[in-house]
Structures are given as C-alpha cells and as structure tokens.
Amino acid sequence: MSMDEKTARKVASLARLRVTDEEVARRAAQLSNILHFVEQLDEVDTDGVEPLPSPVNIKLRLREDKVTDGACVEAVLSNAPEELEDFYVVPKVVE
Amino acid sequence: MATLIKGETGEWEVVIGMEVHAQVIAESKLFSGASAHFGAAPNAQVSLVDAAMPGMLPVLNEHCVEQAVRTGLGLNSKINLVSVFERKNYFYADLPQGYQISQFLHPIVGEGAIEIDLPDGSSKAIGIERLHLEQDAGKSLHDQHPTKSFVDLNRSGCALMEIVSKPDMRGPEEATAYLSKLRMILRYLGTCDGNMEEGSMRADVNVSVRRPGDELGTRTETKNVNSLKAVQQAIEYECRRQIELIEDGGAVVQETRLWDPVKMETRSMRSKEEAHDYRYFPDPDLLPLEISNDFVAQIKSTLPELPDQKKHRFMQDYALSLYDASVLIAERGRADYFETVANDNDAKLAANWVINELLGALNKDGKALKDSPITAAQLGGLIGLIADNTISGKIAKDVFAEMYASGKDAAAIVEEKGLKQVTDTGAIEAIVDEVIAENPDNVAAYRGGKDKLFGFFVGQVMKKSQGKANPGVVNDLLKEKLG
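Residues numbered from 1 in each chain as written. Chains lettered and ligands numbered in written order. Predicted model: local features only at pLDDT ≥ 70, side-chain atom pairs only at ≥ 80, totals over all residues. Heavy atoms only, no water.

Some details on the overall build of chain A
Across its full length, chain A holds three helices and three strands. Going from the N terminus to the C terminus, chain A shows its helices and strands as α-α-β-α-β-β. Expected size for 95 residues packed as a compact globule is a radius of gyration near 12 Å; at 22 Å, chain A overshoots this value by more than 25%. Its C-alpha atoms give chain A principal-axis dimensions of about 55 × 45 × 25 Å. Intrachain contacts of chain A at a sequence separation of at least 6 include 34% that bridge at least 24 residues. Counting every atom, chain A has about 7,800 Å² of accessible surface; 55% of that belongs to carbon and sulfur. Considering chain A, the positive charge centre built from 12 side chains and the negative charge centre built from 20 side chains are found 2 Å apart. (Helix = DSSP H or I, 4+ residues; strand = E, 2+ residues; numbered from the N terminus. Rg over C-alpha atoms; globule rule 2.2 N^0.38 Å. Contact = heavy atoms within 4.5 Å. Areas by Shrake-Rupley, 256 points an atom, 1.4 Å probe, with all protein chains shown as cover. Lys, Arg positive; Asp, Glu negative; His and termini not counted. Charge placed at Lys NZ, Arg CZ, Asp CG, Glu CD.)

Written as structure tokens, this is what we have:
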C-alpha cells in the first residue's frame, strides 16, 4: 500500500501538523516506505490466531477507589504558557 | 404509540436512538487517584496523569468497573468478561492527552433492553446496544475573556458510562420516557446521580425520518440536549426540519448538530465533521480488562429491586394501575414511603393519598418528599382512620391539611377537634328528622318525583352534622324517611 499526497495531507491535518506544498510529496513517500516496511508482516499466516495484547503473561492491574492524588495545582500548571486564577488560559476555541 | 407526522406529501415516521453519557459515582477518577467530586476550585483535583504529563500511566479504578457491570445488569444486558480500552484521537483544548481512553470494538456491556412507560398507560421495550466506560474531558469556559478560553481539568479523567440505545423510539414521548426510565434505573442502582443540570447525565439524540415501512433514513446526531424538555423540543424541531428538507426535494446530510435552547433550533456543527476520523486503536498502556463470572455474580447478588420489578410487584401485590405504579416507583424514596403507608392499610387508598394529596401538596410548595411534614407512618394512620370509618373521606382532607401544617398525628387532630364521624343512627336520625321538618316544600317536591333533590337533603344533614355524619347511614335514613 502506498500513500498518495491527498492522504498525506489528511493525516497531517488530523495530527495538526503543517505540511507545505513543497514538502508533501517527500512526506507521502516517507509514509509509504513505513507502510511497505510494516506490510512485510502480511507474509505471516495469522488465520485463527488470537491477537496477543502483550508478550508478557500479566493481567491488567486495578486500583482501589481511593483519593490518593491531585491537589497539586502548582505542579499541574507549571508548564502552562499562560494561566489565570488557577485556570489554563488558551486562545479562544469556541465555535 | 408510533406517532406519525403529517407532511405535505404524506405521513412520516420518526426514528430515534440515544447516546447517554452518565458520570459514574466514584470517589476517584477512572485512571487516576484524583478526586472525582463536583465543585472544587479550578484544577485542584488534577493529577499529573489527568494533565497528561509525559510518562504518566493510567491505572484502572476497580469500583468504576463494578459500577459499569452493575449498570449493565440493571439494563438487563449482556456482560462481556473481556473488554478493551482504546484511544479515540482528537484535539481539543480540554483534552490534554490528545485522545480519550474509551472502549470501541469490545465494550464491557453488550445488548439488553429496558421497559419504558408511556403517557397513554402502555409500556414498550427499548433495546440497549451497548454500554462502555470512558474518560470525561475537562471543562472550557469561553465567556470570561474576549479572546481567550479558560480550561479547568477537574473533570478530565472522571469515569463516564456511555449508554447507547437501539433506534427503537418512534416519537419525542418515547424518547423522554426512555431517558427518564434510564435515569431512574441509574439512581436506583446508585451508579449515577442523574443530575442533568450539573451535567452528570448528558444526552445526544440521533433522529431520522422515513415513510412507514421503509428502510431507515439518514440520521443526524444532535448534541447538547440536556433536559427532558430539550429532548422533546430538539426531536420535534429536527424531524420537522428533515421532513421539510426531503419534501422540498433535498436530502438529509449525516452530520452532528447542536441544540440551541434559546433559539429553539438545531444547527450544523460543520467543523466537527473532519474530527470524526477518530482513528481508534487499543491503548498500549492498558491490557484487556478481564473479569470473572464470580465478580459479576457477586455484583448481581447486591442489586436492589429495580424500578420495573417494583412496578410489576406493585401492580400484582397491591392491585394498582400501571399509572399509579409508575408514579410511585419514580424515586426509590417515594416507593418506600408508599409501602410504609400501605402497610396494613387499603393499598389503593394509600396510593391515592400519596399521589394526589401528599405529592400534590409537596409539589405546590416545591418541596421534596424527604422534607415532607407528614411521615409515612402518620399518613398511614390517617388512612387507617378513614378505613375503619372513624372519619369520612371529606373530613380526612381537612385533617390532612392540619397534619401538613402542624406535623401532628391524625388521631390527635381528630380527637382535639372532635371530628369523629357520627355513626350513631339515633343521633343522625334526629338531624334527618329536623331537616325534613324544616323543608316541607322540598319534601313534597321530592315525593312528587324530583329525585335530584335527594342530594339537597344529604347536603343539609351533612352541614348540620358539621360533616361528621356517616354518609352511608345518612343515605339509608333519608331514603327510608322520604320514602
């Protein structure tokens, strides 16, 4: 499977990445290469094989319903480009 | 109650399905130990997991899994022993991860059905498609600043159940009946508080129209429908819009629309279209969720009696109508109140007094049942006095008003005010004689064939006895004396 330029533009837009017109052919080719590489797996016959969620035989760990975290607003906001009265402040995003 | 809508070119059937997001009652969030309580200061209940700091890993809250299973059982649905968390990818300012952890191909709960009660007294089964667990997003405030949005992540990561119905509803009444029954079940189960004003229960409504008997038409999804009334209005608006569109030669576009409760209309959210490419894939941070039959059985053994079971029991054991039973089961507290009143009493009478008198009076005052000045045992006492003929039904209403105002027992009020019904034939006979003696003209007219005057005599006797004469005895005596 190869990726055409239209699809490459769509993938970029879904990932919120800017791709210039000059760049797009090169990116499409790179993504195609990745797809071709992964496509090698098609050579393996997986009919009737259950998906393996993890190579290690462990179960999902659950936790008790207790409040053990939070109340660290300073740490949470420490990387925010802008904040006010403990809110994150971002460019207006309403429609 | 399949309501057909008349268009310009014939009749149309409306087909409705609903997706309801219900916030799970839990102490902490779905994948982090931050508090899940409502109303804290901005960002005070956010862990580094909820803020999606690099390297943070989600750890699943066992109680949220129990709550989802409990809800699934309450919706008579299949519980899936293996389910998978996936990432639903999209960008928004209040979604710090850039994806929502949700369930897609393998939800924790599969198909089932609930019963809805309709205004005409009938009921209908509505299919449940699935229920899955997912994270809630944070909250954005857009009205605090001209060019900025404010983001509070307290809600980010709280557990939600998304409950998807089958497209089994055929009109706005069925849709609101479904939503209120669903809310009732969640409240009985204690898995969601069902508070639509605070947003702990939110509905998206899928609407399409078709000619009766045709294949399903193209549907639209309307968001922001956050009260029973809004559900009704949004569906009415949306099906009329679709019918007009088709009848004018157009076609319905599958899209997301937004309900505007001020303008009373739905409008297209075009910008949402591209975002619908969610690129789900299994979350590599989380293994599949496996639960055992024992785990499910353990939860099943703790389920309360559910609204529909209660409804059927009330109809069977107390011989109540479907309507009375539906009103009484609407809240667990109300049903319990009724059962205390009905204990050792005439159940039909108890139902009437709870529904018509008590709920009527509370409703008028804007009070909840838990704030009722009359306890269930006290109301039972009043009904006992009616049933054993101590007081008449008419006097009982006055006693009720007094109880409601003072909180006193019925027996004490009856005693204090001397309201005991007179059943002593001799005493009533004296009054009857008096009334007959005082109204010779009417007596003659009655005997001459004016049967309607009988009511006049009853009224006079009751008046003279200050309402305390037993109406049955009065009737018998008057019939005998007037001949």
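Section: the confidence of the model for chain B
A residue-level look at chain B finds 98% of positions with pLDDT of 70 or above and a mean pLDDT of 91. For this predicted complex, the interface score ipTM comes out at 0.90, alongside a pTM of 0.83. (pLDDT = per-residue confidence, 0-100.)

A closer look at a nonpolar patch on the surface
Judged by side-chain polarity, Ile34, Phe37, Val38 and Leu41 of chain A come together as a nonpolar surface patch covering roughly 440 Å² of accessible area. Along the chain, Ile34 of chain A turns up in helix 2 (residues 21–39). (Patch = residues over 30% accessible without salt bridge, like charges linked within 9 Å, V, L, I, M, F, W, Y side chains within 5 Å. Salt bridge = Lys/Arg side-chain N within 4 Å of Asp/Glu carboxyl O.)

What to know about the sheet that holds strand 2 (residues 83–84) of chain A
Ordered by their spatial adjacency, four strands build an open sheet running 2(A)-3(A)-10(B)-9(B), and the pairing between neighbours is antiparallel. Strands at the two margins of the open sheet, each flanked by one partner only, are strand 2 of chain A together with strand 9 (139–141) of chain B. Relative to strand 10 (residues 148–152) of chain B, strand 9 of chain B runs antiparallel, the two sharing three bridges. Each bridged residue has a counterpart across the sheet, and for Leu141 of chain B the counterpart in strand 10 of chain B is Phe150 of chain B. (Pairing = 2+ DSSP bridges.)

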